[in-house]
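Results of the structural survey
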Amino acid sequence: MTDGKRRRGLAAASALLGGVLVLSACSGGDDGASGDSKGDSQAQVDEAAAKKSSEAQIKITPKDGSNNASINNSAAVTVAKGTLTEVKMTTADGTAVAGEISADKKSWKPSVQLERATTYKLSATAEDSAGLAAHENASFTTVAPDNSFIGTYTPDDGTTVGVGMPVSLNFDKAITNKAAVQKGVTVSTTSGQEVACHWFNANRMDCRPDEYWQEGSTVTLKLALDGVEGAEGVYGVQQKTVTFKIGRNQVTYVDAKTKQMKITQDGKTVRTIPISAGSPDNKTYEGQMVISEKFKETRMNGATVGFTDDDGKGEYDIKDVPHAMRLSTSGTFIHGNYWGAKSIFGSVNTSHGCVGLQDAKGANDPNMPGAWFYDNSIVGDVVVVQNTGDKTIAPDNGLNGWNMSWEQWKAGSAA
């Protein structure tokens, strides 16, 4: 090949190579344009993914991982921009917890109260208007007994009681933040009477009006103690409403001097019954006492209330005392007596501090005074004991706060 031909060949090769380089450079530019196309494609993918995600927004209360959760208000599930299709709740060991989705399918809650110191798991599914599903899961642990308190209350919901029946709350933990706890307890009555609460100690609070409840009225107790800190690190768990009715106004007057008992209703005497009260050595407490329990028959053993013989056994042990009604925590009762002679009633005081009425063994004779009084008395009726020569019963010995003046009573409020 001549030099001229070689030069022309190199020039053509160079031109071709240059064209390739140029083309490569243009291809690089095309790659840049292709990159913009990829960005557009990613945006389209994101948009498509968003369109495939449900708009439903599920909320579970309490938050996942919560401790000391309420046993009343926990496990609430709600949804926005959608409807619930399924909610499952179990304990940590897999035991199912019953619950219901609301009629509008916007919320769910358990149909049973939760247990304390228990771990629960929740899974919820909802759909939006397009039928796309959303899911949410949570696990929480309810408040432990050591970190919570409850109040045992009397009277019970739906009962009818006498005019002297106070609302009495006994807490299972000592309350140091009494003001906060009292604020969470509301007692009201349809009679419009003012009601005040009184703390006897760190565990007991009773509530009553100035005078006896008005007959026929309805009393409502509201407990809003869920989450209330009663003592450092100890929280309430109760959230409920209790109502009870006040029956007829019956007040009984026991006179240990005359040894007669007068039963009044609405201030009128309906019957007088001869009694035998506490002996001179074992006098009956004086004061206003409220019947707190009724037993058709019960056992009374002196050893349980400090009356023992030299051998340590009870001075008496009667296994079938008829028609017994408790007047004090310490053991004062008004009850039937079948073992005493008929002649003692109305003439001599012979008991260890109780008030005895003539009665029959077996508690089945309705004609006996003990049976009549039992049948015509209800829990909450007042028995006023007079002229025994003993001291007035302590207000916290039973449900006997009526032995405090209204001023003394209100002075024990933490409000």
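A few points on the structure.

Conventions adopted
Residues numbered from 1 in each chain as written. Predicted model: local features only at pLDDT ≥ 70, side-chain atom pairs only at ≥ 80, totals over all residues. Heavy atoms only, no water. Helix = DSSP H or I, 4+ residues; strand = E, 2+ residues; numbered from the N terminus. Buried < 20%, exposed > 50% of the residue type's maximum accessible area, 1.4 Å probe, protein only. Areas by Shrake-Rupley, 256 points an atom, 1.4 Å probe, with all protein chains shown as cover. Pairing = 2+ DSSP bridges. Axes fitted to C-alpha atoms, helices over the stretch in contact; angles between N-to-C directions. Phe/Tyr/Trp six-rings, centres within 6.5 Å; stacked < 30°, edge-to-face > 60°. Lys NZ or Arg CZ within 6 Å of the ring centre and 35° of its normal. Disulfide = S-S within 2.5 Å. Contact = heavy atoms within 4.5 Å. Core = buried A, V, L, I, M, F, W, Y, C linked by side-chain atoms within 4.5 Å. Polar contact = N/O pair within 3.5 Å; in protein donor to acceptor, adjacent residues only side chain to side chain.

Before going further, it helps to examine the overall build of the protein chain. Scanning the protein chain from terminus to terminus reveals four helices and 27 strands. The buried share among the 415 residues of the protein chain stands at 41%. In the structure as shown, the protein chain presents an accessible area of about 21,300 Å², 49% of it carried by carbon and sulfur atoms.

Our next topic: the sheet that holds strand β2 (residues 76-80). Pairing is antiparallel in the open sheet, where four strands are placed in the order β1-β2-β5-β4. Among the strands making up the open sheet, the edge pair consists of β1 (57-61) and β4 (99-101). Taken over all neighbouring pairs, the strand axes of this sheet differ in orientation by 10 degrees on average, direction set aside. In terms of strand pairing, β4 meets strand β5 (residues 107-110) through three bridges, oriented antiparallel.

Of the two faces of β1, only one is covered, namely that formed by Ile-58 and Ile-60; the face formed by Gln-57, Lys-59 and Thr-61 stays uncovered. Direction of pairing for β1 relative to β2: antiparallel, over a ladder of five bridges. When the sheet's bridge partners are listed, Ile-58 is paired in β2 with Val-79.

This structure, assessed with the given rule, holds six aromatic pairs. Between Phe-149 and Phe-171, the ring centres sit 5.8 Å apart and the planes meet at 80 degrees, which makes this aromatic pair edge-to-face. You can see Phe-149 sitting in strand β8 (residues 148-149) and its partner Phe-171 sitting in strand β11 (residues 167-171), a full 22 residues away along the chain. As far as the burial class goes, Phe-149 and Phe-171 line up, both buried. An aromatic cluster of at least three residues, connected via ring pairs, comprises Phe-149, Phe-171 and Trp-199. Positioned above the aromatic ring of Trp-372 is the side chain of Arg-271, whose terminal nitrogen or guanidinium carbon lies 4.9 Å from the ring centre. The ring of Tyr-374 carries Lys-294 above its face, with NZ or CZ at 4.2 Å from the centroid.

Right, let's get into the sheet that holds strand β26 (residues 355-358). One open sheet holds the four strands; their spatial order is β23-β24-β25-β26, and the pairing between them is mixed. Both outer strands of the open sheet, β23 (293-301) and β26, are each paired with one neighbouring strand and no more. Neighbour to neighbour, the strand axes of the sheet diverge by 40 degrees on average, direction disregarded. Two elements, strand β24 (residues 317-326) and strand β25 (residues 333-337), share two bridges in a ladder whose sense is antiparallel. In the sheet register, Met-325 faces β25, and the bridge partner there is Ile-334.

Scanning the model with the defined rule gives one disulfide in all. Disulfide partner of Cys-197: Cys-207, at an S-S distance of 2.1 Å. Between Cys-197 and Cys-207, the S-S torsion sits near 100 degrees, and that sign places the bridge as right-handed. Remark: Cys-207 occurs in strand β14 (residues 204-209) and Cys-197 occurs in strand β13 (residues 195-199); sequence separation between them is ten residues. Taking the relative accessible area as the measure of exposure, Cys-197 reaches 9% and is therefore buried. Taking the relative accessible area as the measure of exposure, Cys-207 reaches 0% and is therefore buried.

Looking at the secondary structure, you find Met-289 in strand β22 (residues 287-290). Looking at Met-289, the relative accessible area reads 0%, which means it is buried. Met-289 sits 108 residues away from Asn-397 along the chain, and the two C-alpha atoms are 9.2 Å apart. Not counting residues within four places of it along the chain, the set of residues in contact with Met-289 comprises Leu-327, Thr-332, Asp-381, Val-382, Val-383, Val-385, Ile-393 and Asn-400.

Here we come to the nonpolar core. Soluble globular proteins: nonpolar side chains tend toward being buried together. The biggest cluster of nonpolar side chains holds 34 residues, and the ones touching the most others in it are Phe-171, Val-181, Val-185, Val-187, Met-205 and Leu-221. Excluding its chain neighbours within four sequence positions, the residues that come into contact with Met-205 are Val-167, Ser-168, Leu-169, Phe-171, Gln-182, Val-185, Cys-197, His-198 and Trp-199. Counting residues in each nonpolar core, the second largest holds 23 residues, with Ile-58, Ala-75, Leu-114 and Leu-122 among its members.

Inspection of the secondary structure assignment puts Ser-70 in the loop between β1 and β2. Polar contacts involving the side chain of Ser-70 include one to the main-chain amide nitrogen of Asn-72, which spans 2.9 Å. What Ser-70 contacts, discounting residues up to four positions off in sequence, is Leu-114, Thr-142 and Asp-226.

Residues Val-185, Val-187 and Thr-189 of strand β12 (residues 185-189) are buried on one face, while the alternating residues Thr-186 and Ser-188, pointing to the opposite face, are not. Examined bridge by bridge, β12 and strand β15 (residues 218-224) share five bridges and lie antiparallel to one another. Of the residues in β15, the one forming a bridge with Val-187 is Leu-221.

So, on to the environment of Ile-58. Tracing the backbone through its elements, the reader meets Ile-58 in strand β1. Considering only alpha carbons, one finds Ile-58 and Val-77, 19 residues apart in sequence, at a separation of 7.1 Å. In this view, Ile-58 contacts Val-77, Thr-78, Val-79, Ala-124, Thr-125, Ala-126, Ala-134, His-135 and Glu-136; residues no more than four positions away in its chain are not counted.

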